[in-house]
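# An overview of the molecular structure
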Amino acid sequence: MPIERLSRRDFGRIFAVAAVSRSMPAIAVQRAADEWAAVRSEFILDPKFIVMNAANFCPATRNVSEVLFKYTRDMDANPSQQSRAKFSQGREETRKKIAAFLNVTPEEIVITRNTSEGNNLVSSGIELKPGDEVVVHDENHPTNLTSWQNKAKRYGFTVKSVAIPTPPPSVEALVKPFVDALTSKTKVLSFTHVTSTFGSQFPAKELCRIARERGILTLVDGAQSFGALDLDLKDIGCDFFTSSSHKWLMGPKEAGILYIRGDAQSKLWPSNYGVYGGTVGASRTFEQLGQRDDPTFMAMGEAVDFHLRIGKKKIEAQSKALAAAVKTELMKIPGLHMYSPAAPEISSAVVTFRPGSTDISKMAASLYEKIGFAGATRGGDTPGMRISPHIYNSFEQVEKVVAAISDYVRKA
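Once a new chain begins, its residue numbering starts again from 1 and follows that chain's sequence as written. Reporting of local features is limited, given that this is a predicted model, to residues whose pLDDT is at least 70; pairs of side-chain atoms are given and counted only at 80 or more, and all residues count toward the totals for whole chains, interfaces and linings. Calculated side-chain values reflect all of the structure's heavy atoms, with hydrogen atoms and water omitted.

### Looking at the overall build of the chain
Counted only if it meets this: Counting from the N terminus, the helices are DSSP H or I runs at least four residues long and the strands are E runs at least two residues long. Each radius of gyration is computed over the set of C-alpha atoms, and the globule rule expresses the reference value as 2.2 Å times the number of residues to the power 0.38. The contact rule is simple, with two residues in contact once any of their heavy atoms fall within 4.5 Å. Per-residue and other accessible areas follow the Shrake-Rupley method at a 1.4 Å probe size, with only the shown protein chains counted as cover for residues. Positive charges are assigned to Lys and Arg, negative charges to Asp and Glu, while His and the chain termini are left out of the count. By convention, the point assigned to a charge is CZ for Arg, NZ for Lys, CD for Glu and CG for Asp.
If you tally the helices and strands in the chain, you get 15 helices and 13 strands. Computed over its C-alpha atoms, the radius of gyration of the chain comes to 22 Å, within 12% of the 22 Å expected for a compact globule of 412 residues. With the C-alpha coordinates of the chain rotated into their principal frame, the extents come out at 55 × 55 × 40 Å. In the chain, of all internal contacts separated by at least 6 residues, the share reaching a separation of at least 24 is 71%. Total accessible area on the chain stands at roughly 17700 Å², and carbon and sulfur atoms take up 53% of it. Here the chain contributes 52 positively and 44 negatively charged side chains, and the mean placements of these two sets differ by 1 Å.

### Considerations on the sheet that holds strand E13 (residues 384-387)
Formally: Paired strands, as defined in this entry, are two strands with at least two bridges between them according to DSSP. Lines fitted to the C-alpha atoms define the axes, with helices restricted to the stretch that makes contact. Angles between their N-to-C directions range from 0 to 180 degrees.
Within the open sheet, the four strands sit side by side as E9-E10-E13-E12. Their pairing is antiparallel. The open sheet has two edge strands, strand E9 (336-338) and strand E12 (376-378), and neither has a second partner. Each strand axis lies, on average, 30° off the axis of its neighbour in the sheet, ignoring direction. Where E12 lies against E13, three bridges are found, and the strand directions are antiparallel.

### With respect to the side chain of Ser225
Residue placement: Ser225 occurs in the loop between strand E6 (217-221) and helix H10 (233-236). Setting aside residues up to four positions removed in sequence, Ser225 forms contacts with His193, Val194, Leu231 and Phe241.

### Let's talk about the environment of Met298
Just so we agree on the cut-off: Each residue is placed in one exposure class: buried if its accessible area under a 1.4 Å probe, protein chains only, is under 20% of its type's maximum, exposed if it is over 50%, and partly exposed if it falls in between.
You can see Met298 is positioned in helix H12 (residues 295-310). Met298 gets classed as buried once you look at its relative accessible area, which sits at 14%. The spacing of Met298 and Glu93 is 205 residues in sequence and 8.4 Å in space, taken between C-alpha atoms. When near neighbours in sequence (up to four residues on either side) are disregarded, Met298 contacts Val67, Tyr71, Lys86, Phe87, Gly90 and Thr94.

### Digging into the packing of aromatic side chains
The test is simple: Two rings from Phe, Tyr or Trp (for Trp, the six-membered ring) form a pair when their centres are within 6.5 Å of each other. A pair whose planes differ by under 30 degrees is stacked, one over 60 is edge-to-face, and the rest are tilted.
Following the criterion strictly, the structure yields nine aromatic pairs and no others. Between Phe43 and Tyr392 the ring centres are 5.4 Å apart and the planes differ by 65°, which places this aromatic pair in the edge-to-face class. Note that Phe43 is positioned in the loop between helix H3 (37-40) and strand E1 (50-51) and Tyr392 in the loop between E13 and helix H15 (395-411), a separation of 349 residues in sequence. For the pair shown, Phe43 and Tyr392 are each scored as buried. A ring pair is formed by Phe49 and Tyr368, whose centres lie 5.6 Å apart and whose planes are at 25°; its orientation type is stacked.

### Here's the deal with the pairing of strand E2 (residues 109-112)
Here E2 shows two buried faces, one formed by Ile109 and Ile111 and the other by Val110 and Thr112. Of the strand pairs in this sheet, E2 and strand E8 (residues 256-260) are connected by four bridges, and their pairing is antiparallel. Residue pairing for E8: Thr112 is matched across the bridge by Gly256.

### Some thoughts on the nonpolar core
Threshold: In this text, buried Ala, Val, Leu, Ile, Met, Phe, Trp, Tyr and Cys residues form a nonpolar core when linked through side-chain atoms within 4.5 Å.
Core analysis: the biggest nonpolar cluster contains 52 residues, and Leu102, Phe178, Phe191, Phe226 and Phe241 have the highest contact counts within it. The element contributing the most residues to this core is H12, with six residues. Ignoring anything within four residues of it in the chain, the contact list for Phe241 reads His193, Leu219, Val220, Gly222, Ser225, Phe226, Leu231, Leu233, Ile257, Leu258 and Tyr259. Counting residues in hydrophobic clusters, the runner-up holds 42 residues, among them Val39, Phe395, Ala404 and Ile405.

### Brief notes about the packing of helix H6 (residues 115-125) against helix H7 (residues 146-155)
Where we set the bar: Note that the term roughly parallel is reserved for angles under 35 degrees, roughly antiparallel for angles over 145, roughly perpendicular for angles of 65 to 115, and oblique for everything else. Take the far helix as the reference: if the near one is turned anticlockwise from it by less than a right angle, the crossing is left-handed, and if turned clockwise, right-handed. Any residue outside Ala, Val, Leu, Ile, Met, Phe, Trp, Tyr, Cys, Pro, Asp, Glu, Lys and Arg is labelled polar, Gly included; the first ten of those are nonpolar and the last four are charged.
Look at H6 against H7: their axes get within 10 Å of each other, and the N-to-C directions meet at 25°. Viewed along their axes, H6 and H7 adopt a mutual orientation that is roughly parallel. Taken as a pair, H6 and H7 cross one another with a handedness that is right-handed. Between H6 and H7, the contacting residues are Asn120, Val122, Ser123 and Ser124 on the first element and Ser147, Trp148 and Lys151 on the second. A per-class count over the contact of H6 with H7 returns two nonpolar, four polar and one charged.

### Looking at the pattern of salt bridges
Applicable threshold: Throughout this description, the term salt bridge denotes a Lys or Arg side-chain nitrogen within 4 Å of a carboxyl oxygen of Asp or Glu.
Enumeration over the complete set of coordinates arrives at 23 salt bridges. With a shortest N-O distance of 2.8 Å, Arg95 and Glu92 are connected by a salt bridge. Taken together, the residues Arg95 and Glu92, both in helix H5 (residues 81-102) and three residues apart, mark about one turn of the helix. Between Lys129 and Asp132 there is a salt bridge, and its shortest N-O distance comes to 3.5 Å. Each member of the salt-bridge network shares a partner with another, and the members are Arg91, Glu92, Arg95 and Glu287.

### Digging into the sheet that holds E8
Pairing within the open sheet is mixed, and its seven strands lie in the order E2-E8-E7-E6-E5-E3-E4. One side of each edge strand has no neighbouring strand; the edge strands of this open sheet are E2 and strand E4 (158-162). Each adjacent strand pair in this sheet contributes to an overall mean axis angle of 15°, direction not counted. Against the sheet, H6 contacts E2, E6, strand E7 (240-244) and E8, and its axis sits at roughly 155° relative to E7.

### A word on the state of the cysteines
We apply this condition: Any cysteine sulfur atom paired with another within 2.5 Å is treated as part of a disulfide.
One pass over the structure, following the stated rule, counts zero disulfides. Lacking any disulfide linkage, Cys208 is separated from the closest cysteine sulfur, that of Cys238, by 5.2 Å. Residue Cys208 is classed as buried on the basis of its relative accessible area of 1%. Residue classification places Cys238 among the buried positions, given a relative accessible area of 0%.

### Examining the confidence of the model for the chain
Low-confidence regions, as indicated by low pLDDT, have predicted coordinates that should not be scrutinised in detail. Put simply, the rule reads: Here pLDDT means the predictor's own confidence in every residue, given as a number from 0 to 100.
The share of residues in the chain with pLDDT of 70 or more is 92%, and the mean pLDDT across the chain is 92. Note that pLDDT drops below 50 for residues 16-25; the model gives that stretch nine contacts with residues more than four away or on any other chain.

### Here's the deal with the pairing of E8
Judged by how many residues are buried, E8 sits mostly within the fold: five of five residues are covered. The sheet contact formed by E7 and E8 spans five bridges and is antiparallel. Bridging across to E8, Phe240 finds its partner in Ile260.

Printed below as a string of structure tokens:
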């Protein structure tokens, strides 16, 4: 049976009792009153490890795992159609939760398997022809970049890739290159809400407004913002939004979302024709993926509930505060280059840096062996390490990780 869950009231009482002066440095505040200890207790993370790789993969909460296990056992114990009927209702209840979480309607939500599937449903489903243009960000994930480029070869339209300065100095630096790339031939603007590369947070609402005024469809890849930011898709005004459950939402694996704005649904052709779609709106057409891992629907609903019990604004503030502490402490290391933006309005909980001429792979291996730290590394023209903390991390862990990095760089 699932463990007893902390309610929204429980979390509110914890935060209220632990309130301390916010004029103190972030790490000092955390030491004075660790208001997030109860939240961290909701995870089964091995204390020997410090995992700060939310941009790639997050642990699920205890209750998400318990819900998933419970219904998996239920399905295997009685796989009859009569018993499995509950999963159809469970899917629709989760759809309602996701829709409310994003301030849209259930008819606009398709439950996919991940962001990649959602991105490809959009790039395959929009009818484009020679002479049409699609504007993309050159740091988009391959499912939102390479997918467009390969389909352009097949159908003859043009893909224009936009580059942004690293690190971007301002909001204007994130907007102007896209505006300059738009023409009367542009049919789609497709960009990443928060980049997994350097953690730049794009002004999605402004970009979508500019595109809509010109009759251009917008696809926002929200792999790094769903569960990380206090999202309101109606306010953002995008036509399509995609994301996964296994990242910042801290939900089950192989579950995701595709939001299709009501007035954009007629502009998207389905890529799959099959059975077992949803029962409302776009899900009837775009969710026909055959037999699914039905227990994930229930578990994804629990992940949404967990966020709501804490509060979306609190989660966004805490993850960004952890990342800001990482950034502040790292910048004290001589010779370190920061790829991630400095301005708070375009910063996220993703921090990427290059520690001088230190061999990144060797440093990552050493940190994992000595203190159990797991982040991510990157190579190419911008080699470095990425740290992306979430609410299951602490400021004490931030101190420990940065101290270990500083010590390694000094000795190297």
